[in-house]
Amino acid sequence: MFDSLADKLQATLADVRGRGTLTEQDVTAAMREVRLALLEADVNFKVVKSFTEAVKTRALGADVIGQLNPGQQVVKIVADELTELMGGSGRELAFSPRPPTVVVMAGLQGSGKTTAAAKLARYLREQHGSSVALAACDVYRPAAVEQLVKVGAQAGADVYEQGTGEDPVKIAAWARDRATAEGKDVLIIDTSGRLHIDQELMAELANIKKVTSPHDILLVVDAMTGQDAVAVAEEFAEVVQFDGVVLTKLDGDARGGAALSVKAITGKPILFASTGEKLDQFERFHPDRMAQRILGMGDVMTLIEKAQDAYDEDQAAELERKLRKQQFGLDDFLEQLRQVRRLGPLQSLLGMIPGLGNELRGAKVDEREFDRVQAIILSMTPEERRHPELIKGSRRLRIARGSGTNVQAVKQLIKQFEQMRKVMRQVAQGRMPDLGALMRQSR
Amino acid sequence: MAREWRDVFVVDGAPAGVSGSDEPTGTEEKRMGPFRRLRENLRRTRQALRSEIQATLFEDLSEQTWERLEEALIYADVGARTTARVVAELEQEATAGKLTGGEALTSRLTELLADIARTGDDRIDVTARPTVILLAGVNGTGKTTTAGKLAWHLTTELGLSVVLGAGDTFRAAAVEQLELWAQRAGARLVKGPPGADPGSVAYEAIAVARREGTDVAIIDTAGRLHTQDELMAELEKVRRAITKQLPEAPHETLLTVDATTGQNGLQQARLFSEAVKVTGLVLTKLDGTAKGGIALAIAQELGIPVKLIGVGEQLEDLRPFDPAEFARALVAS
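Sequence order sets the numbering: in each chain, residues are counted from 1 along the sequence as written. Written order determines the labels here, with chains lettered from A and ligands numbered from 1. Note on the predicted model: pLDDT of at least 70 is required for a residue's local features to be given, and 80 or more for side-chain atom pairs to be given and counted; whole-chain, interface and lining totals, by contrast, use all residues.

Draft legend 1. Spotlight on the overall build of chain A. In DSSP terms, a helix is any run of H or I states spanning at least four residues, a strand is any run of E spanning at least two, and both are numbered starting from the N terminus. A count of helices and strands for chain A gives 22 helices and eight strands. Burial is judged by counting the other C-beta atoms within 10 Å of a residue's own C-beta: 20 or more makes it buried, 12 or fewer makes it exposed, and any count in between marks it as partly exposed, with every C-beta position built from the backbone. By residue count, 42% of the 443 residues in chain A fall in the buried class. Contact criterion: two residues are in contact if their C-beta atoms, reconstructed from the backbone, are within 7 Å. Residue pairs at least 24 apart in sequence account for 74% of intrachain contacts in chain A once pairs closer than 6 positions are excluded.

Shown next, in the form of structure tokens:
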């Protein structure tokens, strides 16, 4: 299931290299793999069909030259096409010249509307310096109003609420008047979750639209949604003609094919991606990353950005110097570990690395192992950290006791460190170590 | 044909239905309501798939038949792997001459799907005192709602006393939400201070149930993505806290899965199961157009049965799962 598409395609197209171009037969075979990958990613069946047809035309006769092998070539064509399809004419929120700009959040139950509303409020406050109010129009779900009051306060937005006794349409109209009176830049209206086939509630949503004349209606879509995403989006598009999509729960490992389905079927752009439980985990949508994710290619861009954020350049230069002079000690090793951990849970990092992901995605990473390693290193004297070869019998026992581990663990760590130092020396000398072999060894 | 609450819950060592012959006469009418609703809700599903199948399968069994069948199952979120298995099986039977014509194919398909859905023990044994039911799942799949409705059914239909443990100490207002459910169900709510350790809330809820001789303790937990290692570790801790209070508990660990979920549902079930040994699924939100086919893939790959389904917002819309009915809903009436 997690075999990467590129690998599969490479197997399918193994003999193309010699010929130099992709024949119709090659492309048909390749598209079968692409189709399966897209279906596994929950892209809608209809969308998969029309999409593979379109890509087929483009891939036919494509030259297989340069750095890419035929499999990669096809993946690149597919990824480019996906990116284009999902990006389209990307647009920002439409801000009204006469405030308040009114934004309505709509979607199924549990898609994450309330959280997304608060996140958007925070985003607008931070990025645009807007004063934002949130209107609590979910009067059906127990305690939904309380939830919005709490997250709204965290987001630094005023929350307009009238409890659960009032009609949501009236609350929306009232909130709009109040936002105008109080001179808010933006009013975000949180509505209750509703099924797209619930005519009564869909009519209510249409009425909220009527009385508030929103500048933007955002459909909140769970990234884990399956084939049904199309039915939902079509219905919401028909009833309220939403303007854009917020894709939520992207911090999971769902491939998120729903994003493609919704965009392809309704033509509405995906504006924002919500990626976690914290209010600041909310960003502009990146079509290129999403394309790679849907194809199971790993989220390389995200990883690179994360690494850039967490990486200290001075430290890196210092490390390089030490490596070259072969002075790399356990202290430096510990610092490296800390830097890696700053990137996030290792498990999720592994998934972002293409190639490596295949082999390691299923692997369980025990984060506590790091704590143990850290405890062991910190129980050593500075001298021992620089020269681990000093650590013999009684020192080993002392370190084991000090770190609350055992002699075995201390021994093992030093052995692993020696191995690592060897590899790093190779890297520093410009030789590429066999990463796969290394991974297998350490497991 | 739909299974009733008394068929699913084991009370006093036998399915409650065995001793259910002396039901009050009013039950029949009450039963029709939810039953009709279920049929009503599953009807759309049926129609959607039936049109596919009838248009094609009544013709001869051609290459196209298999393609269309594959398409229909994919549309239901059954997933490529399980779909391939079902289609291959039917194709083989057709080749062997066991299936002739579309009607035979349809009924065999239904049977096959029901067989896949029927896995493990799909009942919920509530004979232990107290019986502890732990609820877990991804954000927004309906845990708290399920906890509340389950409490209501246990008190109302089976006459059991219930303690609700408010283990979702993270989401804003989750405790308030459960509190409202507890009032409706006439259940006792045990909660901690905001941001309390969910393990200690669970521990305390079961302590209360033991002290007061309550029949069932339902422990709600915060929604979490199966990829969040720290939160999954926290869930394991909640389970350990429960076991510490009562060694044989939790007796039942239910995972809520949203019927609109696509192939990621399999990964959800796999990782939650690794963490807290899931014993059954609650397939929620089946009242939309989503068909919940991912439950088949989960049953097939992981052997975890669906025990309850959610078909609407009303209290009685939490229903026992019936594999045959589910299979029929997927393919035809």
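Draft legend 2. Expanded view of the overall build of chain B. Scanning chain B from N- to C-terminus turns up 12 helices and 11 strands. Taking all 333 residues of chain B together, 57% fall into the buried category. Sequence separation of 24 or more characterises 77% of the internal contacts of chain B that already satisfy a separation of 6 or more.

Draft legend 3. Layout of the confidence of the model for chain B. Residue and element names in this part refer to chain B. Of all residues in chain B, 84% have pLDDT values of 70 or greater, and the mean over the chain is 84. Every residue is assigned a pLDDT by the predictor, reflecting its confidence on a scale from 0 to 100. The model gives residues 17–35 a pLDDT under 50, and that stretch makes 10 contacts with residues more than four places away or in other chains. In the predicted complex, the global pTM is 0.75; the interface-specific ipTM is 0.79.

Draft legend 4. Just helix α6 (residues 143–156) of chain B, in detail. Residue and element names in this part refer to chain B. Take the residue count of a helix, subtract one, and multiply by 1.5 Å to get its expected span. Over its 14 residues, α6 runs 20 Å from end to end, which matches the ideal 20 Å to within 8%, given 1.5 Å per residue. Extensive coverage of α6 is indicated by the burial of 12 of its 14 residues. Those residues of α6 that fall on the buried side of the exposure criterion are Lys143, Thr144, Thr145, Thr146, Ala147, Gly148, Lys149, Leu150, Ala151, Trp152, His153 and Leu154.

Draft legend 5. Structural detail: the pairing of strand β9 (residues 280–284) of chain B. All names here are of chain B. The buried fraction of β9 amounts to five of the five residues, a majority that puts the element mostly inside the structure. Residue alternation in β9 divides its side chains into two sets, Gly280, Val282 and Thr284 and Leu281 and Leu283, and both sets are buried. By definition, two strands form a pair when at least two bridges between them are found by DSSP. The pairing of strand β8 (residues 252–258) with β9 spans five bridges and is classified as parallel. Looking across to β9, one finds that Leu254 is bridged to Gly280. One ladder, built from three bridges, connects β9 with strand β10 (residues 306–310); its direction is parallel. Each bridged residue has a counterpart across the sheet, and for Val282 the counterpart in β10 is Leu308. Seen with the strands pointing away from the viewer, any crossover whose path from the first strand over the helix to the second strand runs clockwise is right-handed. With respect to chirality, the unit in which β9 leads through helix α11 (residues 294–302) into the neighbouring parallel β10 is right-handed.

Draft legend 6. Layout of the pairing of β8 of chain B. Residue and element names in this part refer to chain B. The buried fraction of β8 amounts to seven of the seven residues, a majority that puts the element mostly inside the structure. One ladder, built from five bridges, connects strand β4 (residues 131–137) with β8; its direction is parallel. For Gly137, the partnering residue across the bridge sits in β8 and is Thr256. On the question of chirality, the crossover connecting β8 to the parallel β9 by way of helix α10 (residues 264–276) is right-handed.

Draft legend 7. Region of interest: the interface of chain A and chain B. Contacts between the two partners involve 35 residues from chain A, matched on the other side by 31 residues from chain B. Contributing elements (two or more residues each) for the side of chain A that touches chain B: α3 (24–40), α7 (144–155) and α16 (346–352) of chain A. It is α7 of chain A that provides the largest number of residues to the side of chain A that touches chain B, a total of four residues.

Draft legend 8. Quick look at unusual backbone geometry. In this chain, Pro99 of chain A is followed by Pro100 of chain A through a cis amide linkage whose omega measures 0°. For Pro100 of chain A, the location among the structural elements is in the loop between α5 (70–87) and β1 (101–107). Omega for the bond connecting Ala249 of chain B with Pro250 of chain B falls within 30 degrees of zero, at -5°, which places this linkage in the cis form. Locating Pro250 of chain B in the fold gives a position in the loop between α9 (229–245) and β8. The phi torsion at Asp77 of chain B lies on the positive side, around 70°, for a residue other than glycine. Inspection of the secondary structure assignment puts Asp77 of chain B in the loop between α3 (63–75) and α4 (80–95).

Draft legend 9. Focus on the packing of α5 of chain A against helix α12 (residues 287–294) of chain A. Residue and element names in this part refer to chain A. What counts as an axis is a line fitted to C-alpha atoms, over the stretch in contact for a helix, and the angles between N-to-C directions run from 0 to 180 degrees. Between α5 and α12, the least distance of the axes is 8 Å, while the angle of their chain directions is 130°. Between α5 and α12, the angle is such that the two are oblique. Where α5 crosses over α12, the handedness of that crossing is right-handed. Mapping the contact onto sequence places Ala79, Leu82, Thr83, Met86 and Gly87 in α5 and Pro287, Asp288, Met290, Ala291, Gln292 and Ile294 in α12. In this classification, Asp, Glu, Lys and Arg are treated as charged, Ala, Val, Leu, Ile, Met, Phe, Trp, Tyr, Cys and Pro as nonpolar, and every other residue, Gly included, as polar. In terms of residue class, the contact of α5 with α12 is made up of seven nonpolar, three polar and one charged. The labels follow the angle: roughly parallel below 35 degrees, roughly antiparallel above 145, roughly perpendicular from 65 to 115, and oblique for the rest. In this scheme the handedness of a crossing depends on how the near helix is turned from the far one: anticlockwise by less than a right angle means left-handed, clockwise means right-handed.

Draft legend 10. Up close: the sheet that holds strand β8 (residues 282–284) of chain A. Residues and elements named next belong to chain A. Here we have eight strands laid out as an open sheet, ordered β3-β2-β4-β1-β5-β6-β7-β8, and mixed in their pairing. The two strands at the open ends of the sheet, each matched to only one other strand, are β3 (158–160) and β8. Neighbouring strand axes in the sheet, compared pairwise and without regard to direction, differ in orientation by 25° on average.

Draft legend 11. Up close: the nonpolar core. To count as a nonpolar core, a set of buried Ala, Val, Leu, Ile, Met, Phe, Trp, Tyr and Cys residues must be joined through C-beta atoms within 7 Å. If you look at the biggest cluster of nonpolar residues, it comprises 192 residues, and the most contacted ones within it are Leu134, Ala135, Ile188 and Ile189 of chain A together with Ala151, Leu164 and Ile218 of chain B. Among residues more than four places away in sequence, those in contact with Ala151 of chain B are Val162, Leu164, Trp181, Ala182, Ala185, Ala187 and Ile218 of chain B. Core analysis: the second largest hydrophobic core is formed by 10 residues, Ile376, Ile377, Ile399 and Val410 of chain A among them.

Draft legend 12. View of the domain arrangement of chain B. Residues and elements named next belong to chain B. The assigned domain composition of chain B is domain 1 (38–117) and domain 2 (124–322). By convention here, the domain bounds are inherited from an automatic or database domain assignment. Of note, the centres of domain 1 and domain 2, computed from C-alpha atoms alone, are 33 Å apart. At the interface, 14 residues of domain 1 touch 18 residues of domain 2. If you tally residues by element for the side of domain 1 that touches domain 2, the top one is helix α2 (residues 27–57), at four residues. In terms of residue class, the side of domain 1 that touches domain 2 is built from seven nonpolar, four polar and three charged.

Draft legend 13. Region of interest: the domain arrangement of chain A. Residues and elements named next belong to chain A. Looking at the assigned domains, one finds that chain A contains domain 1 (5–87), domain 2 (101–296) and domain 3 (304–442). In this structure, domain 1 and domain 2 have C-alpha centres spaced 35 Å apart. With 17 residues of domain 1 at the interface, the matching set in domain 2 holds 24 residues. At the level of secondary structure, the elements contributing two or more residues to the side of domain 1 that touches domain 2 comprise α3, α4 (45–59) and α5. Element by element, the count of residues in the side of domain 1 that touches domain 2 is highest for α5, at eight residues.

Draft legend 14. View of the sheet that holds strand β6 (residues 188–190) of chain B. Residues and elements named next belong to chain B. With respect to topology, eight strands assemble into an open sheet ordered β6-β5-β7-β4-β8-β9-β10-β11, the strand pairing being mixed. The open sheet has two free edges, formed respectively by β6 and β11 (318–320), since each of these has just one partner strand. Pairwise comparison of adjacent strand axes, ignoring direction, gives a mean angle of 25° for this sheet. Of the pairings in the sheet, the one linking strand β5 (residues 162–167) to strand β7 (residues 216–221) comprises six bridges and is parallel in character. Following the sheet pairing, Gly167 is matched in β7 by Thr221. Its contacts with the sheet place α9 against β4, β5 and β7, and it is angled at close to 180° to β4. Here α11 sits on the sheet and contacts β8, β9 and β10; the angle it forms with β9, its principal contact strand, is near 170°.

Draft legend 15. Spatial organisation of the confidence of the model for chain A. All names here are of chain A. Taken residue by residue, chain A gives an average pLDDT of 82. The fraction at 70 or more is 78%. Counted against residues more than four places away or in other chains, residues 354–361, with its pLDDT under 50, gives 18 contacts. Confidence drops under pLDDT 50 across residues 432–443; counting only partners more than four residues distant or on other chains, this segment forms 10 contacts.

Draft legend 16. Structural detail: the environment of Gly404 of chain A. Within the secondary structure layout, Gly404 of chain A lies in the loop between α20 (393–403) and α21 (407–428). Residues Gly404 of chain A and Ile376 of chain A, spaced 28 residues apart in sequence, show a C-alpha to C-alpha distance of 8.2 Å.

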